[in-house]
Protein chains: 2
Amino acid sequence: MRLSRFFLPVTKDVPSDAAIVSHQLMLRTGMIRQNGAGIYSWLPLGFKVLKKIEQIVREEMDRAGAIELLMPTLQQADLWRESGRYEAYGAEMLRITDRHDRDMLYGPTNEEMITDIFRQYVKSYKALPLNLYHQQWKFRDEVRPRFGVMRGREFLMKDAYSFDVSEEAARISYQKMFAAYLNTFDRLGVTAIPMQADPGPIGGDLSHEFLILADSGESAVFCDKAVLDVPPPGADFDFEDEAALKAEMEKRTRFYAATDEKHDEAAYAAVPEDSRIEARGIEVGHIFYFGTKYSEPMKADVQTPEGKLATIHGGSYGIGVSRLVGAIIEASHDENGIVWPASVAPFDAGIISMKPDAADVAAVADEAYAKLTAASKDPLYDETSDRAGAKFNRMDLIGLPWQITVGPRGVKEGKVELKHRASGEKSDVTLDEAIARITGA
Amino acid sequence: MRLSRFFLPVTKDVPSDAAIVSHQLMLRTGMIRQNGAGIYSWLPLGFKVLKKIEQIVREEMDRAGAIELLMPTLQQADLWRESGRYEAYGAEMLRITDRHDRDMLYGPTNEEMITDIFRQYVKSYKALPLNLYHQQWKFRDEVRPRFGVMRGREFLMKDAYSFDVSEEAARISYQKMFAAYLNTFDRLGVTAIPMQADPGPIGGDLSHEFLILADSGESAVFCDKAVLDVPPPGADFDFEDEAALKAEMEKRTRFYAATDEKHDEAAYAAVPEDSRIEARGIEVGHIFYFGTKYSEPMKADVQTPEGKLATIHGGSYGIGVSRLVGAIIEASHDENGIVWPASVAPFDAGIISMKPDAADVAAVADEAYAKLTAASKDPLYDETSDRAGAKFNRMDLIGLPWQITVGPRGVKEGKVELKHRASGEKSDVTLDEAIARITGA
């Protein structure tokens, strides 16, 4: 993309209520624009990051055997009356009345609707296990939306729902999501630590939050830093291997890790002193086994092999897709701006032409653009007539993994400057060397 | 995808209010599930088609120089008060009040919001022309939603908005969208005819609807069939070539084509008799130049080269993405089910294993699955123990472009049966021949 044809409204004006660095940086880089309290437009740069995260989440859910669909944003109140949550949900539910005076709501989550879809079609244990997910906008009418997209009102969530014939089978579905989440966050370039969370109505151990460490996190986190060193299951992980699924959970849950809500001083004291971490964390995922909480009142039953009816056992598995954009920035930035992990960077590399009106400079910069594009990379090509300093600052601010700077002196020597954003390391290399570094060839 | 792991709730039960064939077929194939009046879930098969259409629309918009972003579903009423449309829009606008008693609405369209974004950031003619688009769910509270996704209340629309410094420049932006739409519909496997539409407040000729011919269409269509033979601009079309842009419009608009609303008997009589078509059509796109209708009340001005302020000239360009799923089925089905154009088919091919428990049959069917997948095709592999007839009917019903049937007799002879869904043509060929036909190798 040529910058002159893109829409990248970088700005210095940041409102005083942008209290955390990700909110400030997303406004400064023109990633988002606020349209109302807790409601944002995703401008082109932000939209690209959002889509990359969505795609990685999709690929990892698919790999774990979940099936994607898409439920609508608006729901009928009657469904929520069946589960008993319509009155219980409180003021965070945005209630809506249509022209025929029907009670509706903007979905804050989809347990009821997916259970309704399930009971309509699935009658036999033979169709199980089943895990259905979607990535759809939700609305929660927070009293005080804040922190930009981290606690917005309209937000994009991936929510998956598993259906199993027994608690034992549901545990395996849960473990699949546990493993899938580890792979997902790893690919997103962040370390998310699973921590035991409140089990809810049915007790047990099958409820985990995944938190990214960042100074602005809303939760205090206490953990054994050894948990950070356990590698993710990886792309070759076999989601049908039950022993491996169990092991992935155990590998991590044997280390202490808890938020302030669940913190146990005595257990934490048993962690070797030099291995203790007290930090702050941002919740980016939550997985949860809820048994028959929805299937019982909503009568979601299947026939068992013995010909009896069994109420299905369910779980739900959320990832805050739009929140992750902010969370990744919280975890990955410096004084000059964002430092994107390569997998979610809005562009793979920036090309700065120092003198777009000099034919020799333009030719090399054009060549860089053409070669990166031919190598299936997506570069952002700054061929504007802005001042050099403004160009460098902007490129650092938006934080693409690599920068190629093409200037008159370098061109005469057959060199460009390659900069690695994360390390700040610069080197004068030939264009082909720069391309090879960026493409990993 | 193995069918046993997919969620494909094919059903024979179709409610009596499903009046048109696309609605019936989408319910029978388990593509959608109704969650309320005019509100649908996109089950996995339907979701895949929706995503393919969305992606083709995206690629063609990008090729024409439009830039994608994403605006939220909910909007502030105050923006619509600025343009004067809040009161004017009527009962189709879903009005919402949040917990702080703020007036909001579920966006039925985004002229106000995009104009607000534009005026916030763009101050100079140098940033123009600019065309920003998104693909987002909209809501229109239709009195009587019907025809499934063809006239739903919550629907997915691609809407683009162009900003130019003058009417003359806006005409070029309009022509780019005209050409992009022809390419888009061509890639979607349908013929959409552009027809002059009501110009709205400012008059002129820059308003066209794009209609697909189908018996269930809501509009009567009168046209010269020669318009159907004009080829699309194509993938190599140069959107910066102003003469070519103008020519693309003229090539079509010189032939008579009108809906009943704009029909002119006298002009139609001048069409050679054997070239006249009277049919019905489904509107799938609408492009529209509206001048300063929003920019004037909302004060969206830019600095001109002469240092003056100019009110920008705008246009909007819609494609009914979710409606297209139904419209394509209306245009492409037979008595056995859907006949998907290859570009939007939910899977590229079906593989039917006639005897999944016979090792030799399973081995060949597995090989077909592996080879198609290796060739970057996305097959649906029916390895269930359902009856043969049920398998054939289901595969015809969901309408994938190709079917490979692997049976015991064929396997002994080293052959599989390849069926082309659209023509019904069957042939006994080796597996490699079948793969070559499907991949076009």
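Report on the accompanying structure. (Residues numbered from 1 in each chain as written. Chains lettered and ligands numbered in written order. Predicted model: local features only at pLDDT ≥ 70, side-chain atom pairs only at ≥ 80, totals over all residues.)

**Remarks on helix 10 (residues 359–374) of chain B**
Residues and elements named next belong to chain B.
At step 1: Between the first and last C-alpha of helix 10 there are 22 Å, a value that for 16 residues agrees with the 22 Å anticipated at 1.5 Å per step.
At step 2: Those residues of helix 10 not exposed but buried are Val361, Val364, Ala365, Ala368, Tyr369 and Leu372. Along the long axis of helix 10, the arc covered by the buried residues comes to 140°, so they all point the same way. Exposed and oriented more than 90 degrees from the buried face of helix 10 are Ala359, Asp360, Ala370 and Ala374.
At step 3: In the core, the buried residues of helix 10 are packed alongside strand 19 (349–353), strand 20 (379–382), strand 21 (402–406), helix 12 (408–412), strand 22 (416–420) and helix 13 (431–439).
At step 4: Following helix 10 by one or two positions, Ser376 has its phi on the positive side, about 60°. (Helix = DSSP H or I, 4+ residues; strand = E, 2+ residues; numbered from the N terminus. Expected span 1.5 Å × (residues − 1). Buried ≥ 20, exposed ≤ 12 C-beta atoms within 10 Å, placed from the backbone. Arc of directions from axis to C-beta. Contact = placed C-beta atoms within 7 Å.)

**Things to note about the interface of chain B and chain A**
At step 1: Counting residues at the interface gives 40 residues for chain B and 40 residues for chain A.
At step 2: Of the residues contributing to the side of chain B that touches chain A, the split by class is 25 nonpolar, eight polar and seven charged. (Nonpolar A, V, L, I, M, F, W, Y, C, P; charged D, E, K, R; others polar.)

**Looking at the environment of Arg323 of chain B**
Residue and element names in this part refer to chain B.
At step 1: In this structure, Arg323 sits in helix 9 (residues 321–331).
At step 2: The sequence separation of Arg323 and Ser22 amounts to 301 residues, and the corresponding C-alpha distance is 10 Å.
At step 3: Residues in contact with Arg323, not counting those within four places in the same chain, are Val149, Met150, Phe155 and Val284.

**Examining the packing of helix 6 (residues 167–187) of chain A against helix 7 (residues 242–253) of chain A**
Residues and elements named next belong to chain A.
At step 1: Running from amino to carboxyl end, helix 6 crosses helix 7 at an angle of 60°, the nearest separation of the two axes being 9 Å. It follows from the interaxial angle that helix 6 and helix 7 lie oblique. Every pair of crossing elements has a handedness; the one defined by helix 6 and helix 7 is left-handed. Mapping the contact onto sequence places Ile172, Gln175, Lys176, Phe178, Ala179 and Leu182 in helix 6 and Glu242, Leu245, Lys246, Glu248 and Met249 in helix 7. (Axes fitted to C-alpha atoms, helices over the stretch in contact; angles between N-to-C directions. Parallel < 35°, antiparallel > 145°, perpendicular 65-115°, else oblique. Left-handed = near helix turned anticlockwise from the far one by under 90°.)

**Side note on unusual backbone geometry**
Among all residues save glycine, negative phi is the norm, and among peptide bonds the norm is trans.
At step 1: Here Leu128 of chain A and Pro129 of chain A are connected by a cis peptide whose omega angle stands at -5°.
At step 2: Following the sequence through the fold, Pro129 of chain A ends up in the loop between helix 5 (111–121) and strand 7 (130–139).
At step 3: The residue Asp101 of chain A is not glycine, and still its phi comes out positive at about 60°.
At step 4: Relative to the helices and strands, Asp101 of chain A is located in the loop between strand 5 (94–97) and strand 6 (103–106).
At step 5: Classification of Asp101 of chain A by C-beta neighbours within 10 Å gives exposed; the count is 6.
At step 6: One non-glycine residue, Phe147 of chain B, lies in positive phi territory at about 60°.
At step 7: Along the chain, Phe147 of chain B falls in the loop between strand 7 (130–139) and strand 8 (154–164).

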